Amino acid sequence: MNRLSPCIARGLHTLDLGGAWIGLLGIRLLLAYEFGIAGLEKLRGENWFADIQGDFPFPFSIVPVELSWFLATWTELISAAALVIGLGTRFWAVSLLILDIVAWASVHGANGYNVCDNGYKLPLIYALMLLPLVLSGPGRLSIDHWIRTRFGRV
């Protein structure tokens, strides 16, 4: 067993190093794809926020629907691009988390858990995927990490 322990420790250390570089990349790319597609659909589609504005939580319920639509669309599009390259990751992850919570409360929450019923399963998954980006940042394979190492820690 003693001979395996150093091998296991080295293997785990190697996985830790790999995880630091690419562990959060998959989360960033999947979220970028999902929110990017949603943003493109809004960009190409018609504003349906007027139908659900009364279901938005305060203070979003008092924002004009045109402004809400614009902000949701461009938050999804810009954050998708930013997540891909890992730039401003924490800011964009928080922005998407707020957007996700509003969508959960106004569109998905009353429909139960099931995705097929337009339920809250996907917003829950997105929220749980955004939390590590908010709390841990984008990982080493990102512009944010390069900026931090180049210009020092805050």
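Residues numbered from 1 in each chain as written. Predicted model: local features only at pLDDT ≥ 70, side-chain atom pairs only at ≥ 80, totals over all residues. Heavy atoms only, no water.

### Quick word on the overall build of the protein
We apply this condition: Each helix is a run of H or I in the DSSP string that is no shorter than four residues. Each strand is a run of E no shorter than two, and both are numbered from the N terminus. Throughout, radius of gyration means the C-alpha value; the globule benchmark is 2.2 Å times the number of residues raised to the power 0.38. Burial classification: accessible surface area is computed with a 1.4 Å probe over protein chains only, and a residue below 20% of its type maximum counts as buried, one above 50% as exposed, and the rest as partly exposed. By the convention used here, residues are in contact when the closest approach between their heavy atoms is within 4.5 Å. Each accessible area is a Shrake-Rupley result for a 1.4 Å probe, and residues are judged covered by the shown protein chains and nothing else. For the charge count, each Lys or Arg is scored as positive and each Asp or Glu as negative, with His and the chain ends excluded. One atom stands in for each charge, and that atom is NZ of Lys, CZ of Arg, CG of Asp or CD of Glu.
In terms of helices and strands, the protein carries 6 helices and 0 strands. Reading the secondary structure of the protein in the N-to-C direction produces α-α-α-α-α-α. The C-alpha atoms of the protein give a radius of gyration of 19 Å, which is well past the 15 Å a tight globule of 154 residues would have. Seen along its three principal axes, the alpha-carbon backbone of the protein occupies a region of about 65 × 40 × 25 Å. With 154 residues in all, the protein has 31% of them scored as buried. Counted over contacts in the protein with a minimum sequence separation of 6, partners at least 24 positions apart contribute 64%. In the form shown here, the protein has an accessible surface area of approximately 9800 Å², with 68% of it arising from carbon and sulfur atoms. Taking the 11 positively charged and 11 negatively charged side chains of the protein as two groups, their mean positions are separated by 23 Å.

### Concerning unusual backbone geometry
Glycine aside, the phi torsion of most residues is negative, and most peptide linkages are trans. Cis rather than trans, the peptide bond between phenylalanine 58 and proline 59 has omega equal to 10°. Positive phi, close to 60°, is recorded for asparagine 118, a residue that is not glycine. Position of asparagine 118 relative to the elements: it lies in the loop between helix H4 (89–108) and helix H5 (121–136). Assessed through its relative accessible area of 37%, asparagine 118 is described here as partly exposed.

### Side note on H4
Of all the residues in H4, the buried ones are Thr89, Trp92, Ala93, Ser95, Leu96, Leu97, Asp100, Val102, Ser106 and His108. Against the buried residues of H4 lie helix H2 (25–44), helix H3 (65–85), H5 and helix H6 (143–151).

### As for the environment of asparagine 114
Note the threshold: Any pair of nitrogen or oxygen atoms within 3.5 Å is treated as a polar contact; in protein, a donor-acceptor pairing is required on top of that, and neighbouring residues in sequence qualify only through side-chain atoms on both sides.
For asparagine 114, the position within the fold is in the loop between H4 and H5. Separated by 36 residues in the primary sequence, asparagine 114 and isoleucine 78 have C-alpha atoms spaced 29 Å apart. At 2.8 Å, the side chain of asparagine 114 and the backbone nitrogen of cysteine 116 are in polar contact.

### So, the environment of leucine 83
Along the polypeptide, leucine 83 turns up in helix H3. When the C-alpha atoms of leucine 83 and tyrosine 120 are compared, they prove to be 23 Å apart, with 37 residues separating the residues in sequence. Apart from residues no more than four positions distant in its own chain, leucine 83 is found in contact with Arg28, Leu31, Ala32, Thr89, Leu96 and Leu133.

Spatial relationships are all this shows, so hold off on functional conclusions.
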